[in-house]
Amino acid sequence: MSLHDQVMAEAARIQGLGETAGREARDPVNQPTINNWLEAMGNTNPRFAAGSGRGEAPPSMAQVWTMYGLGGKPPADDPLHGMMNVLTDAGYTAVLGTNCEQEYVRYLRVGEQVRVTTALDSVVGPKQTAMGEGYFVTSRSTWYVGSEVVATMLFRVLKYKPRSVVEERAPASVSKPETFVLRPMQNRDTEFFWDGTAAGELRIQSCNACGALRFPPGPACPDCGALDRGHVVASGRGTVFSYVVHRHPPVPGRDLPILIAVVDLEEGVRMVGELVNVEPDDIKIGMPVTVDFRRIDDDLTLPVWRTS
Ligand SMILES: [Zn+2]
């Protein structure tokens, strides 16, 4: 039996197990957790605020209720982790989240006890990707209150053999690191942004109904719910709100450390981006920065930040 056949046989076995027994949320849906989440997300929708009388939780909190908690570990029978171990043993050691689709059936209400099950939805591969050869593994989580389904999530990861490992074994095929770049996802919601960077403009999505600016881009206005959107061109000036110095893990094609900042734009939204002309010890919160554009190729120009 080939390695691929073994991987797919294990996938079929784990898929056949169906949903796990179900894991109870640590706490029932509760307003204090909703309050903290709203604050962390910058969500000011009065519908969910304490005292609104509705007692409903934002649907996108579904996963929050069943988080493992600090130091928590998935149960031994978790199908996603079972499949990941199979692929690790087969030499596909690296992992990259690729996409996540959530579906909300109804609002959760304060006091409800949530339970989550997990199942292995599909395993597809091997595929040749920019990251290396790998398998796409999709798991399906289902949230219940009693026997009622309240939300579902499909979560897909690429489990792959990192290119660098392949290159170490076959030095003749080593490519220049700068020829590889992790590419951001581009879709109908973000296209205007990447068209902007290619044209040397930093664009911020705006709501054509109420004028509110928002970042990251999305289909609907978080303030008024309108779908009609446009954009404004930012001045390109801002200040460092927060930052991280990324020293590990390795990033394909990049020398470390990389400095990543959350920038407060003059227009009132925040963006995450790389700070390119500063040493780690010299970064200061509040430091003024200006946008610059790094052209990668015809399809991609990345915004980066320099101290002004
Ligand atoms: Zn609006």
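Residues numbered from 1 in each chain as written. Predicted model: local features only at pLDDT ≥ 70, side-chain atom pairs only at ≥ 80, totals over all residues. Heavy atoms only, no water.

As named in an unreviewed UniProt entry, the protein chain is DNA-binding protein, taken from Nocardioides ginsengisegetis.

Right, let's get into the domain arrangement of the protein chain. The domains assigned to the protein chain are domain 1 (3–160) and domain 2 (190–307). The C-alpha centroid of domain 2 is placed 28 Å from the C-alpha centroid of domain 1. (Domains from an automatic or database assignment.)

Strand order in the open sheet made by the five strands is 1-5-6-7-3, with antiparallel pairing throughout. Edge positions in the sheet fall to strand 1 (23–24) and strand 3 (94–104), since each has one partner strand and no second. Here strand 1 runs beside strand 5 (residues 115–129); their pairing, made up of two bridges, is antiparallel. Considered in strand 5, the bridge of Glu-24 is made with Arg-115. Contacts from helix 1 (residues 3–16) reach strand 5 and strand 6 (132–145) within the one sheet, and its direction differs from that of strand 5 by about 160 degrees. (Pairing = 2+ DSSP bridges. Helix = DSSP H or I, 4+ residues; strand = E, 2+ residues; numbered from the N terminus. Contact = heavy atoms within 4.5 Å. Axes fitted to C-alpha atoms, helices over the stretch in contact; angles between N-to-C directions.)

Another aspect to go through is the packing of aromatic side chains. Counting across every chain of the model gives four aromatic pairs. Between Tyr-92 and Tyr-135 the ring centres are 5.1 Å apart and the planes differ by 90 degrees, which places this aromatic pair in the edge-to-face class. One end of the pair, Tyr-92, is in the loop between helix 4 (79–89) and strand 3; the other, Tyr-135, is in strand 6, with 43 residues separating them in the sequence. The interplanar angle of 55 degrees and the centroid separation of 5.7 Å between the aromatic rings of Phe-193 and Phe-215 together place this pair among those described as tilted. On the criterion of sequence distance, the pair formed by Phe-193 in helix 6 (residues 191–198) and Phe-215 in the loop between strand 9 (213–214) and strand 10 (229–233) is long-range, its members being 22 residues apart. (Phe/Tyr/Trp six-rings, centres within 6.5 Å; stacked < 30°, edge-to-face > 60°.)

Mapped onto the present numbering, the UniProt feature "domain: ChsH2 C-terminal OB-fold" (unreviewed entry) falls on residues 232–294. Taken end to end, residues 232–294 has its terminal C-alpha atoms 21 Å apart, with 0% of it in helix and 52% in strand. (UniProt positions renumbered as here; feature names shortened; annotations may be inferred.)

Within this model, the largest pocket holds a volume of roughly 1,200 Å³. Around the largest pocket, the lining is made up of 36 residues, and of these Thr-190, Phe-215, Pro-216, Pro-217 and Gly-218 lie nearest the centre. Partitioned by chemical class, the residues of the lining of the largest pocket number 21 nonpolar, ten polar and five charged. For the lining of the largest pocket, the domains that each give at least three residues are domain 1 (3–160) and domain 2 (190–307). Approximately 850 Å³ is the volume found for the second largest pocket. Taken together, 29 residues line the second largest pocket, and the ones lying closest to its centre are Leu-182, Pro-184, Glu-274, Leu-302 and Pro-303. Looking at the lining of the second largest pocket, the elements that each hand over two or more residues are helix 6, strand 12 (258–265), strand 13 (270–275), strand 14 (288–297) and strand 15 (300–307). Among the residues forming the lining of the second largest pocket, the class breakdown is 20 nonpolar, four polar and five charged. (1 Å grid on protein atoms, 1.4 Å probe; cavity = no way out; pocket = protein on both sides within 12 Å on 5 of 7 lines; lining within 4 Å. Points joined across faces, edges and corners; volume = space filled by probe spheres on them. Nonpolar A, V, L, I, M, F, W, Y, C, P; charged D, E, K, R; others polar.)

Looking now at the UniProt feature "domain: FAS1-like dehydratase" (unreviewed entry) in the protein chain. Feature annotation in UniProt places "domain: FAS1-like dehydratase" (unreviewed entry) on residues 24–152, given in this structure's numbering. The span residues 24–152 carries 20% helix and 39% strand; its end-to-end C-alpha distance comes to 15 Å.

The biggest cluster of nonpolar side chains holds 22 residues, and the ones touching the most others in it are Leu-202, Leu-265, Leu-275 and Trp-305. Every element with two or more residues in this core is listed here: helix 6, strand 12, strand 13, strand 14 and strand 15. No other element matches the four residues that strand 12 contributes to this core. Ignoring any residue separated from it by four or fewer positions in sequence, one finds Leu-275 in contact with Val-240, Leu-259, Ala-261, Ile-283, Val-289, Trp-305 and Arg-306. Ranked by size, the runner-up nonpolar core spans 18 residues in total, among them Ile-34, Trp-37, Leu-108 and Met-153. (Core = buried A, V, L, I, M, F, W, Y, C linked by side-chain atoms within 4.5 Å. Buried < 20%, exposed > 50% of the residue type's maximum accessible area, 1.4 Å probe, protein only.)

This part is about the side chain of Thr-301. Position of Thr-301 among the secondary structure elements: in strand 15. If near-sequence neighbours (up to four positions away) are discounted, Thr-301 is found in contact with Trp-194, Thr-197, Ala-198, Phe-293, Arg-294, Arg-295 and Ile-296.

Here the focus is the side chain of Ser-139. Structurally, the position occupied by Ser-139 is in strand 6. Taking the relative accessible area as the measure of exposure, Ser-139 reaches 3% and is therefore buried. With residues up to four places along the chain from it excluded, the contact list for Ser-139 reads Leu-80, Thr-118, Ala-119, Asp-121, Met-153, Leu-154 and Phe-155.

So, about empty space enclosed by the protein. This model, assessed by the stated rule, comprises two cavities of 30 Å³ or more. When its volume is computed, the largest cavity comes out at roughly 40 Å³. In terms of lining residues, the largest cavity is bounded by Pro-58, Pro-59, Ala-62, Tyr-104, Arg-106, Tyr-107, Leu-108, Val-150 and Ala-151. Here the residues of the lining of the largest cavity sort into eight nonpolar, no polar and one charged. Put simply, the second largest cavity is a space of about 30 Å³. Forming the walls of the second largest cavity are Asn-99, Cys-100, Glu-101, Thr-138, Leu-154, Phe-155 and Arg-156. Of all the secondary structure elements, the ones that give two or more residues to the lining of the second largest cavity are strand 3 and strand 7 (148–160). For the lining of the second largest cavity, the per-class residue count stands at three nonpolar, two polar and two charged.

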